[in-house]
Every structure is written in structure tokens, then in C-alpha cells.
Amino acid sequence: MSAIGWRVHGDGRRVEPGAVVAPDERLSWPRTIGIGMQHVVAMFGATFLVPLLTGFSPATTLLFSAIGTVVFLLVTGNRLPSYLGSSFAFIGPIVAATASGGQSAAVGGILATGLLLAAVGLVVHLAGSRWIDVVMPPVVTGTVVALIGFNLAPTAWGTCDETGACSGFRAAPVTAIATLAAIVLAAVLFRGILGRLSILVGVVVGYVVATVRGEVDFTAVGEAAWFGLPQFVAPTFEPRLLGLFLPVVFVLIAENVGHVKSVAAMTGKDLDPLTGRALLADGLATTFAGLGGGSGTTTYAENIGVMAATKVYSTAAYWVAAATALVLSLSPKFGELINTIPAGVLGGATTVLYGMIGVLGARIWVQNRVDFSDPVNLTTAAVALVVGIANYTWTAGDLTFEGIALGTAAAIGVYHVMRGVARWRGTSQEPASPASVPGGTELER
């Protein structure tokens, strides 16, 4: 396959049962365009929630999301289908950095994260990905993903200032409950792609409820222009805040590696050689976002759902998705419309989303059959989760490390120290403590 070019799959109109449209194939252009736009819908709810929760510009975030997707397709040689949307792993660090050093400091943190991820991608491309499994075994990866989700839980509930203005769920409990209920029901009421877009469905329902209740102000939408460039923010570097962002690299590595393996399993192709390129591409995309005020990016599970439903893995659809996102990002009116989504709707949606991130960490444990009767695994997860959920904080001079950074360091440190000592002492097979914790064989009898 050339860098840009696709073979037409079959007659270009349908996918036979049991067949898939490979990355180097496409359906007819009208169908490809339709599927590409469907990818935009799939990423829409999650990608826009990040800037809404962090105070970033939705239009700017969407612009760099489109640019990042193009970069990803080019760096991976047009062989790995993916849309790069906003990563939820950045929410906590961005909020904390913005409160401490302003939005430009948060953008600087995103830039630093992107550079580090790009460097990791180069190392993986040259040396292979085996060392990732050594440094970050499934128990560590799952723990880091879980603690990031659960660390954000207080943000979903929200806070109230001295004037009585509230954020999150507390801002409008009725609207938040309606949004939450719609998400929960949509996931099981609808089949196919609509069920996979339950969060977007819930946001739409919550938005309608909020509008009826008079919680939406359309003044800025009416005043905004139809076409124009989004707002850009230049990065500044605050070394004391970098500890908030760098642990996000571990999550991005896990998400990108998982994406490569998922697409490989669904298409029947060996895509492992592209792992380093995928990490490098996401690193570059996040770096570009950090240069202009966009949120950090990652490969999107939502779009894997679209591919699984349609059996179309053509990268052509992602070029269409990137082009569509780019056009939408150049409409200030569209950006202001997104900004009208009220706090109550966001509170209801994030109650689900943050919990899902946490449980996705547990899913990594389950999928990899992590043995929690092993005291090394049990203690690694136990210590890191409490550090992350309670948001432990440590200040060293001008540097401040909070729950996500400390929890990540704890997960990696506890695991490798305990594993090393256990091998030295020959205690690897000792039962977990406390002794009452079942090893799992009890359930098999």
C-alpha cells in the first residue's frame, strides 16, 4: 500500500459476513465518508468533555485532535487506524496546574508529557517493547489507570465557592441525575452504535433537561462568528508542576499498546512492529497540542467500538474524520455552543466516566489474570490506590507531587522492590496477608 491510497474492498458497497475491511482497503467514497463522520460522533462526547472540565477551548482541543490524527496516520505509515481524542488522564493534572500556575502552565505540562512519550516511542521503535512489560507489568498498569479515575471522583461531585456557585453534580442535582440516568439506560436500551454512544446520548438528554430548566445561556452563541481560528495559548514551563503530568505517560503507553493489540486481534494482522510508531505519533500529537493550547491526546476506545460494529478498519475513514473535525474546529459558533453545556450535565456524565476509568484499571487486572493472592501484587495495588484516591501530597522545595504522581511512583516502586526482595529471599509463593484473603481456588471447589 502506498502512503496515501487504498484498495477497494469487494464491490465497495458491503462487507460479507466474517470479512473485515482492512486498514489498506476502503469501501466506496460515499460510504467511507459516512463512516468517517460516524467516528467524529463517536469521539465527540469524550473529546469535548475534557476541555469543558478543564477550562480549555473546545475548538482548540478539536483542532489539535484533528491535527494529531493526521500525524498519527502519517507516522504509522497509514497502517494503523485510530482517532486521537482528548485523554482523560490529563484532567486531574490540568485542573491542578491551572489553579496553581494558570492555563499556560498546564499547556507546558502537556507539552512536556508529549515530548517524553515521543522519546519513549523512539526507544520502543529501536529496542522493542519488551522492556515496557518489565517496567509496567499488568498489576502496575491497571493500578495506575484505576487510581487516575478514582482520584478524579471529588471533581465529579464538585465544589461550591463563597458565593454559592457550584460545579459538578452539586451545581444542578436534578439535571445531573437525568444525565446519569440517560447514560445508564442508553447503554442497555439501544443496540449497535447508539448503545456504544451512551455518554453522548446522556449528554444530549441532560442538555435538553437543562435547557427546559433555564440553565443554558445562548448569548455567547448568538454573538460568535460562523468561521474563525480558535483561541491559542502559548506554553510556559513550571518545573514544580511537571510532577503532575509525567505519570500520565504511563497511562498513554498502556492505552496505545492496548490499541495496537486490539486492532491486531480484530483484523488478524501482526501490528506489534508499529507499537513504537504509535507511541511516537501520540507523543508528537500531544506535543503539538501543548504548543498551542489543546489537551493531550490518546487513541480512542470509542472509535474501536465503531470499527467493531462496522467491521471497517480502513484508515481512509480516519482521514475523513480528521478533516471533519478540522472544519468544525474553525467555527467559533460551534465552539461556543459546546461551551453552553452546563455544570449539572457534566457532573452527571463524569460520575460515569471517572468511575469507568477506574474500573478499566480493574479490567486490565482481570484480562491479564493478575493473581492477588500474591502479596507483591496485592500490596502494590493496595498502597498505590489509597495514595491516589486520598490524593496524598508531597512538597519538595518548589516541586509539588500529588496523588496521581505519588500513586504511580508507589505502584512502580513497591512492585519492583517487593518482587526483587521476594526473589532474593525465595518468598514469592508465600500467601497474601492478611491470611483471610482468598487465593481464588476456594471458588473453584
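Here, the structure is the one placed above.
Since we're looking at a predicted model, the values are computed, not measured. (Residues numbered from 1 in each chain as written. Predicted model: local features only at pLDDT ≥ 70, side-chain atom pairs only at ≥ 80, totals over all residues. Heavy atoms only, no water.)

Turning to the overall build of the protein chain, a few remarks are in order. What the protein chain contains, in helices and strands, is 20 helices and six strands. In the protein chain, buried positions account for 51% of the 445 residues. Counting only contacts in the protein chain whose residues sit at least 6 apart along the sequence, the fraction spanning at least 24 positions is 79%. Carbon and sulfur atoms make up 65% of the accessible area of the protein chain, which amounts to about 19300 Å² in all. (Helix = DSSP H or I, 4+ residues; strand = E, 2+ residues; numbered from the N terminus. Buried < 20%, exposed > 50% of the residue type's maximum accessible area, 1.4 Å probe, protein only. Contact = heavy atoms within 4.5 Å. Areas by Shrake-Rupley, 256 points an atom, 1.4 Å probe, with all protein chains shown as cover.)

Below, the discussion takes up unusual backbone geometry. In this structure, Arg 369 takes a positive phi of about 55° despite not being glycine. By the element assignment, Arg 369 lies in the loop between α18 (343-367) and α19 (375-389). Positive phi values are uncommon outside glycine, yet Asn 391 reaches one of about 55°.

Taken as a class, soluble globular proteins show a tendency for nonpolar side chains to be buried jointly. If you look at the biggest cluster of nonpolar residues, it comprises 96 residues, and the most contacted ones within it are Leu 80, Phe 245, Ile 253 and Ile 341. For Ile 253, the contacting residues outside a window of four places in its chain are Leu 117, Val 120, Ile 132 and Leu 279. The next biggest cluster of nonpolar side chains, apart from the first, holds five residues, and it includes Leu 27, Ile 35, Val 312 and Ala 317. (Core = buried A, V, L, I, M, F, W, Y, C linked by side-chain atoms within 4.5 Å.)

You can see Ala 289 is positioned in helix α14 (residues 275-292). Under the relative-accessibility criterion, Ala 289 is labelled buried at 0%. Placed 228 residues apart in sequence, Ala 289 and Thr 61 show a C-alpha to C-alpha distance of 7.5 Å. Excluding residues within four positions of it along the chain, Ala 289 makes contact with Phe 64, Val 107, Gly 294 and Ser 295.

Right, let's get into the packing of helix α8 (residues 173-189) against α18. For the pair α8 and α18, the least separation of the axes is 7 Å and the interaxial angle reads 40°. Here α8 is positioned oblique relative to α18, judged by the angle of their axes. Where α8 crosses over α18, the two elements pack in a sense that is right-handed. Between α8, through Thr 175, Ala 176, Thr 179, Leu 180 and Ile 183, and α18, the contact on the second element is made entirely by Gly 344, Val 345, Gly 348, Ala 349, Thr 351 and Val 352. (Axes fitted to C-alpha atoms, helices over the stretch in contact; angles between N-to-C directions. Parallel < 35°, antiparallel > 145°, perpendicular 65-115°, else oblique. Left-handed = near helix turned anticlockwise from the far one by under 90°.)

Any two side chains of opposite charge can pair if their charged atoms end up close together. One pass over the full model with this rule turns up four salt bridges. Between Asp 24 and Arg 7 there is a salt bridge, with its nearest N and O atoms 2.8 Å apart. Here Asp 24, found in the loop between β1 (7-8) and β2 (25-26), pairs with Arg 7, found in strand β1; they are 17 residues apart in sequence, far enough to count as distant. Its relative accessible area of 15% is what places Asp 24 among the buried residues. The partly exposed category is assigned to Arg 7, whose relative accessible area is 47%. Its salt-bridge partner being Arg 419, residue Asp 374 comes within 3.1 Å of it at the nearest N-O pair. A residue pair is termed long-range when its members are at least 10 positions apart, and Asp 374 in the loop between α18 and α19 and Arg 419 in helix α20 (residues 403-425) qualify at 45 residues. For Asp 374, a relative accessible area of 12% gives the class buried. (Salt bridge = Lys/Arg side-chain N within 4 Å of Asp/Glu carboxyl O.)

The first and last C-alpha atoms of helix α16 (residues 315-329) sit 21 Å apart over 15 residues, in line with the 21 Å expected at 1.5 Å per residue. Looking only at α16, the buried set comprises Thr 315, Ala 316, Ala 317, Tyr 318, Val 320, Ala 321, Ala 322, Thr 324, Ala 325 and Ser 329. Where α16 begins, the side chain of Ser 314 points an oxygen toward the backbone nitrogen of Ala 316, at a separation of 3.1 Å. (Expected span 1.5 Å × (residues − 1). Polar contact = N/O pair within 3.5 Å; in protein donor to acceptor, adjacent residues only side chain to side chain.)

Further remarks concern the side chain of Thr 143. By the secondary structure assignment, Thr 143 is in helix α6 (residues 138-151). We classify Thr 143 as buried; its relative accessible area is 0%. Ignoring anything within four residues of it in the chain, the contact list for Thr 143 reads Trp 365, Thr 380, Ala 381, Ala 384, Leu 385 and Ala 411.

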